[in-house]
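In case you want the letters, here they are:
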Amino acid sequence: MTTEPTTGDAPGTERLPPGAPLIISLLVGSAFVMILNETIMSVALPALIADLRVSAATVQWLTSGFLLTMAVVIPITGYLLQRFRPRSVYLASMSLFSAGTLLSALAPAFPVLLAGRVVQACGTAVMVPLLMTTILRLVPASRRGQTMGTISIVIAVAPAVGPTLSGVILSALGWRWMFWLVLPIALLALAAGAVWLKVTAETSKAPLDVLSVLISAVAFSGIVYGLSAIGESAAAGGRGGVPPWVPLVIGAVALAVFVHRQLRLQRTGAPLLDLRPFAIRRYTLALVLVATGFMSLFGAIILLPLYIQDVLGDSAFVAGLVVLPGGLVMGLMGPVVGRAYDRLGVRPLVIPGALLLAVVMWGFTALGATSPIWLVAVLHVGLSAALALMFTPLMTDALGALPGDLYSHGSAILTTLQQVAGAAGTALFITVMTLFSARAGVDEAGVHAAFLVAAVVSLVVVAVAFLTGGRKDAAEPAERTHV
């Protein structure tokens, strides 16, 4: 992008370019509404089963299909952000999301509703990489932490708030209102982007490698579907359907072929997804910690409602209220942690965050059938605070370590890995819970075993956190290491 931060100010006080705050606010708000849709359907599934006359196994594709589409489309965003101007990408993204929302609201049957969700996901997949890339282009390095803190609201809080919001809408209105209420907001954002989003950018005319697109679709959809199917297979006792290892193996082989092809295409300067960010140690290290953090986040999103409803015997509404404070805490902490990162760097924030994560995860292992509900809420708030201390510094440090020409590819890799890590965390914890439950369904022993595995994973997070760099590293320019 040709728009550059204003220079000439003292370090740490650089001003944003004219219009940048409005552009960033528009992108953050749009991304929040779009990512909210990842989990907003979870509470509505029973109502959809009755209204559309489909089975539970069928209706869950409204969430799985959304995530699968995200996993397929996101790797292409690196190319899209280099090939087209930000305004064009934004308008295409919001148009797809708005069209998918309208289609879902009007859906007369399940196949049309699923198609609407897929169209929504195509628009959503592009938005987060666009947001990250725009912030890296417009915001000076000394203020990136504070600005990237707002992204944590989008990436972490929106999925956590989704089930609570959908529960409120369903208690007063029908499931279609989850789309009717979002549609005018999406159309307003689309109109605002058409008027205000006038950021110039340098574009390249590298050709699109269609074969890489097809291979990446097989790779990431196979991996995400296989990981998601593990938990479903365990819950069904291993009966029915294609064994989860089949799509996993196909996905893994396709991923290896995809990586090999991208390394070859990098020599000609036209890869679909540039893998050079992996050669930068700061980026790769932060990527590992973000992935394990998302495993914990999605594991908690899945496990806690099951524990509250099936072990403690409380309602779905109570389960939604219990996780709401944690989501709000994470959102409120994002900008604060971002400002602290600008002053302190990554290490002084990530290490305390990792230690708090371990303490909370081991605290979850002490929960039982008679534990008070307030203790569950307190532990979830602690988990949210720990992840808030980690996500903003790590994402800022990872992307800030890259040279400008790799911003779009680095953000696409980061967003893709978040989807895969979320699916992996869900699969791991659901499988462990199912295997260790003494009876069909969910019980105290199964939940305890799943939390115990999560606690062990948290110890790995602590160990890796001590490898992160300090403020001096964060201030150094990115090294250009080629694969």
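On a predicted model such as this, the values are computed, not experimentally measured, just so you know. Counting from 1, residues in each chain are numbered in the order their sequence is written. Totals for whole chains, interfaces and linings use all residues, but because this is a predicted model, local features are given only for residues with pLDDT of at least 70 and pairs of side-chain atoms are given and counted only at 80 or more. The side-chain quantities take in all heavy atoms of the structure and omit both hydrogens and water.

### Quick word on the overall build of the protein chain
Link 1 in the chain: Each helix and strand counted, the protein chain has 18 helices and zero strands in total.
Link 2 in the chain: In this scheme, a residue with accessible area under 20% of its type's maximum is buried, one over 50% is exposed, and one in between is partly exposed, where area comes from a 1.4 Å probe on protein chains only. Counting every position in the protein chain, which comprises 483 residues, the buried fraction comes to 57%.
Link 3 in the chain: Two residues qualify as a contact provided that any one of their heavy atoms is within 4.5 Å of a heavy atom in the partner residue. Contacts spanning at least 24 positions in sequence make up 83% of the contacts within the protein chain whose residues lie at least 6 apart.
Link 4 in the chain: In short, Shrake-Rupley with a 1.4 Å probe defines the accessible areas, and a residue's cover is counted only from the protein chains shown. Working note: accessible area of the protein chain is about 18,900 Å², and carbon and sulfur atoms make up 71% of it. The secondary structure listing takes helices from DSSP runs of H or I that are at least 4 residues long and strands from runs of E that are at least 2 residues long, numbered from the N terminus.

### Considering helix 16 (residues 407-436)
Link 1 in the chain: A helix's residues, less one, multiplied by 1.5 Å, set its expected span. Taking 1.5 Å per residue, 30 residues should reach 44 Å; helix 16 reaches 43 Å between its end C-alpha atoms and fits that length.
Link 2 in the chain: In terms of residue burial, helix 16 counts as a mostly covered element, since 24 of its 30 residues are buried.

### Examining the packing of helix 1 (residues 20-36) against helix 9 (residues 182-196)
Link 1 in the chain: Geometry is summarised by axes, namely lines fitted to C-alpha atoms with helices restricted to the contacting stretch, and by angles between N-to-C directions that run from 0 to 180 degrees. Two elements in contact, helix 1 and helix 9, have axes separated by 10 Å at closest approach and are oriented at 155°. The orientation of helix 1 with respect to helix 9, classified from their angle, is roughly antiparallel. Handedness of the crossing formed by helix 1 with helix 9: left-handed. Counted together, Leu-22, Ile-23, Leu-26, Ser-30 and Val-33 of helix 1 and Val-182, Ile-185, Ala-189, Ala-192, Gly-193 and Trp-196 of helix 9 form the full contact between these two elements.
Link 2 in the chain: Per-class residue counts for the contact of helix 1 with helix 9 are nine nonpolar, two polar and no charged. Throughout this description, any angle smaller than 35 degrees is read as roughly parallel, any larger than 145 degrees as roughly antiparallel, any in the 65 to 115 degree range as roughly perpendicular, and the remainder as oblique. Note on convention: near helix rotated counterclockwise from far helix by under a right angle means a left-handed crossing. Clockwise means right-handed. Under this grouping Gly is polar, as are all residues other than the nonpolar Ala, Val, Leu, Ile, Met, Phe, Trp, Tyr, Cys and Pro and the charged Asp, Glu, Lys and Arg.

### A word on the pattern of salt bridges
Link 1 in the chain: Whenever Lys or Arg places a side-chain nitrogen within 4 Å of a carboxyl oxygen from Asp or Glu, that contact is recorded as a salt bridge. In this structure the tally under the stated criterion is two salt bridges.
Link 2 in the chain: Two residues, Asp-274 and Arg-276, come together in a salt bridge whose shortest N-O distance is 2.7 Å.
Link 3 in the chain: Asp-274 sits in the buried class, given a relative accessible area of 5%.

### A word on the environment of Leu-208
Link 1 in the chain: By the element assignment, Leu-208 lies in the loop between helix 9 and helix 10 (210-235).
Link 2 in the chain: On a C-alpha basis, the gap between Leu-208 and Leu-272 in space is 6.8 Å, while along the polypeptide they are 64 residues apart.
Link 3 in the chain: Not counting chain neighbours up to four residues away, the residues in contact with Leu-208 comprise Tyr-79, Val-213 and Leu-272.

### Section: the confidence of the model for the protein chain
Link 1 in the chain: Here pLDDT means the predictor's own confidence in every residue, given as a number from 0 to 100. Across the protein chain, pLDDT averages 78, with 83% of residues at or above 70.
Link 2 in the chain: Below a pLDDT of 50 lies the segment residues 471-483, which in the model reaches 26 contacts outside its immediate sequence neighbourhood of four places, other chains included.

### Some words on helix 1
Link 1 in the chain: Here helix 1 contains 17 residues, and its C-alpha end-to-end distance of 24 Å stays within 8% of the 24 Å for a straight helix at 1.5 Å per residue.
Link 2 in the chain: The buried fraction of helix 1 is high, at twelve of 17 residues.
Link 3 in the chain: Within the span of helix 1, buried status applies to Ala-20, Ile-23, Ile-24, Leu-26, Leu-27, Val-28, Ser-30, Ala-31, Val-33, Met-34, Ile-35 and Leu-36.

### What about the packing of helix 4 (residues 61-83) against helix 6 (residues 110-138)?
Link 1 in the chain: Close contact between helix 4 and helix 6 brings their axes to 7 Å; oriented N to C, the two are set at 40°. Here helix 4 is positioned oblique relative to helix 6, judged by the angle of their axes. Classified by chirality, the crossing of helix 6 by helix 4 is right-handed.
Link 2 in the chain: Here the residues of the contact of helix 4 with helix 6 are counted per class, giving 18 nonpolar, six polar and one charged.

### With respect to the environment of Ala-286
Link 1 in the chain: Take Ala-286: it is sitting in helix 12 (residues 281-311).
Link 2 in the chain: Judged by its relative accessible area of 3%, Ala-286 falls in the buried class.
Link 3 in the chain: Each C-alpha atom of the pair Ala-286 and Leu-394 lies 5.2 Å from the other, and the pair is 108 residues apart in sequence.

### Regarding the nonpolar core
Link 1 in the chain: In plain words, nonpolar cores are sets of buried Ala, Val, Leu, Ile, Met, Phe, Trp, Tyr and Cys residues tied together by side-chain atoms within 4.5 Å. The biggest cluster of nonpolar side chains holds 152 residues, and the ones touching the most others in it are Leu-48, Tyr-90, Met-94, Tyr-283 and Phe-364.
Link 2 in the chain: When residues of this core are assigned to their parent elements, the largest contribution, 17 residues, is made by helix 12.
Link 3 in the chain: Ignoring anything within four residues of it in the chain, the contact list for Phe-364 reads Leu-304, Leu-379, His-380, Leu-383 and Phe-451.

### Section: the environment of Met-390
Link 1 in the chain: The topology assignment puts Met-390 in helix 15 (residues 373-400).
Link 2 in the chain: Apart from the residues within four sequence positions on either side, Met-390 is in contact with Leu-289, Val-350, Gly-353, Ala-354, Leu-357 and Val-461.

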